Structures are given as structure tokens and as C-alpha cells.
Amino acid sequence: AQSVTQLGSHVSVSEGALVLLRCNYSSSVPPYLFWYVQYPNQGLQLLLKYTSAATLVKGINGFEAEFKKSETSFHLTKPSAHMSDAAEYFCAVRTNAGGTSYGKLTFGQGTILTVHP
Amino acid sequence: EPEVTQTPSHQVTQMGQEVILRCVPISNHLYFYWYRQILGQKVEFLVSFYNNEISEKSEIFDDQFSVERPDGSNFTLKIRSTKLEDSAMYFCASTMTGGLVETQYFGPGTRLLVL
């Protein structure tokens, strides 16, 4: 079975500081990995996704994530935090385990990012 | 930009009552999903739907739950007899295809409170 663990339910950074949100996955088959962001009162919005084309994936709003198979990780980073980055971030995995390709996502528990002035 | 919409944004109901949560997926999408998030817990998959039938469901999606695409635009989740533990945020999502690399587009959610 596939699963995702996000280390740290809350992360707090200063404006301009590095953002690092951690995600580790467990999967017996090659995974496809996603980061979503949720702003207050809005739906989940895709930030970026890993589809095996490249291990370093760039997304919207200056975020990027690196797929490291040896560490089973897909951490999300941004060099310089902005106040508008304050939101909840979700890592998710999707595999073809069991033969299904209907694409359900398995989510981590989410990380709330707070950005201080 | 096309988006998934959900109504209502909030719903309060009494235990044992039926509720219907409504979603309008993106118009040319063919695969539809429901997820839920109980407060403080993970977003959990409930069901996927394609070609007018359920393609996959989780163990959460028992006989109390049903989904329907009653017309060409709406996708609904019905809970027949709500329980306190059904209180959660319910998200609808859609994709054009069921491919593993496809982006699922999510609606803003319906917050259901069962009293």
C-alpha cells in the first residue's frame, strides 16, 4: 500500500527565509508525487508534480521539489518565503499498485506554513 | 480559468438526516472523485467515478454513501443517514483522464457538520 508522511504539522519561517517542507513516501512501485497548497476558504491547488521525467521539479510561485528515491523523499522548498506563502501544504502520492489506474491520491497530513514579517 | 465548484459551502444537519453535496466538475473532464478531511486528520479518498459508474471506492464509502451524475454537469455525493462522525470537509475533484500523471482539480469543499 502507498502512504505519505509529512514531518511537521506546523512550520514557521521569517519572510525571506528558506522554506523546507518535508515529505516521505512509501510505495512498492514507482510513485507519482504531488504537492498541493490550500489557502483559506479555497480548494486544493496543484503546486507541482513528479512524473519521472526529471527528479528536480519546478512549480508555481517559486516552489520546487526534488525526488530522491534513495531517501524516499519529495521535499518542497522555496529559497525566499513571502507572506503570501502562508497556507497549508499537502503532499500526495499516486501509484498503479493493484492494477488500478483510476488515480486516487493518498495524502499526507498536511503542513501549515506560517510566515512572519 | 475553468474550476470545480461545490455547493453548499457549509451545511449543518441533524444526525440521521440525508444530505446531498453537489459538485460541478470542469466541463470536459471525465473522471470524478470525492475526498473528505475530518478536522485535524488527513485528506482521505472516498470514491472515483467514470462512465456513470463507480471505478474505485474506499472502505469508508459504505452503503450509506452514494454518488450520481444526474445530468451532464453535476456530480453529487449523498449520505443517506448522517452520523456524527461524518462531520468533515468534503472535496470534489475532476480530471480529464484517469492517468497517473493527470492533475486532479479540486473544488473549495463543503464543510458538513452533523449535530
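Residues numbered from 1 in each chain as written. Chains lettered and ligands numbered in written order. Predicted model: local features only at pLDDT ≥ 70, side-chain atom pairs only at ≥ 80, totals over all residues. Heavy atoms only, no water.

### A look at the overall build of chain A
For the record, the criterion: A run of DSSP states H or I qualifies as a helix once it reaches four residues; a run of E qualifies as a strand once it reaches two. Both are numbered from the N-terminal end. Note on method: radius of gyration uses C-alpha positions; expected globular size equals 2.2 Å times residues raised to 0.38. Whether two residues touch is decided by their heavy atoms; if any such pair falls within 4.5 Å, the residues are in contact.
Secondary structure summary: chain A contains zero helices and 12 strands in total. Listing the helices and strands of chain A from first to last along the sequence gives β-β-β-β-β-β-β-β-β-β-β-β. The C-alpha radius of gyration computed for chain A amounts to 14 Å, which stays within 12% of the reference 13 Å derived for 117 residues, consistent with globular compactness. Dimensions of chain A, computed from C-alpha atoms along their principal axes, come out at roughly 50 × 30 × 20 Å. A separation of at least 24 residues holds for 58% of the contacts in chain A among residues at least 6 apart in sequence.

### A few points about the layout of surface pockets
Counted only if it meets this: Cavities and pockets were defined on a 1 Å grid built over protein atoms only: a cavity is a set of grid points that admits a 1.4 Å probe from which the probe cannot escape, a pocket is an open set flanked by protein on both sides within 12 Å along at least five of seven lines, and lining residues are those with an atom within 4 Å of any such point. Grid points are joined across faces, edges and corners, and a volume is the space filled by probe spheres set on the points. Ten residue types, Ala, Val, Leu, Ile, Met, Phe, Trp, Tyr, Cys and Pro, are classed as nonpolar, four, Asp, Glu, Lys and Arg, as charged, and the remainder, Gly among them, as polar.
By volume, the largest pocket amounts to about 400 Å³. What lines the largest pocket is a set of 17 residues, among which Leu44(A), Gln45(A), Glu1(B), Glu3(B) and Phe106(B) lie closest to the centre. At the level of secondary structure, the elements contributing two or more residues to the lining of the largest pocket comprise strand 6 (44–50) of chain A together with strand 10 (105–106) of chain B. The element best represented in the lining of the largest pocket is strand 6 of chain A, accounting for three residues. For the lining of the largest pocket, a count of residues per class yields nine nonpolar, six polar and two charged.

### Here's the deal with the pairing of strand 5 (residues 43–50) of chain B
Residue and element names in this part refer to chain B. Worth spelling out the cut-off: Burial status follows relative accessibility: with a 1.4 Å probe on protein chains alone, a residue under 20% of its type maximum counts as buried, one over 50% as exposed, and anything between as partly exposed. Pairing between strands is defined by DSSP: at least two bridges between them are needed.
The buried count for strand 5 comes to six of eight residues, which makes it a mostly enclosed element. With seven bridges joining them, strand 4 (residues 31–37) and strand 5 adopt antiparallel strand pairing. Note on strand 5: the bridge partner recorded for Tyr31 is Tyr50. The hairpin formed by strand 4 and strand 5 contains five residues between the paired strands, and Gly40 there has a positive phi angle of roughly 85 degrees. Here strand 5 pairs with strand 6 (residues 53–57) via four bridges, running antiparallel. Across the sheet, the residue bridging to Phe49 is Ile54, located in strand 6.

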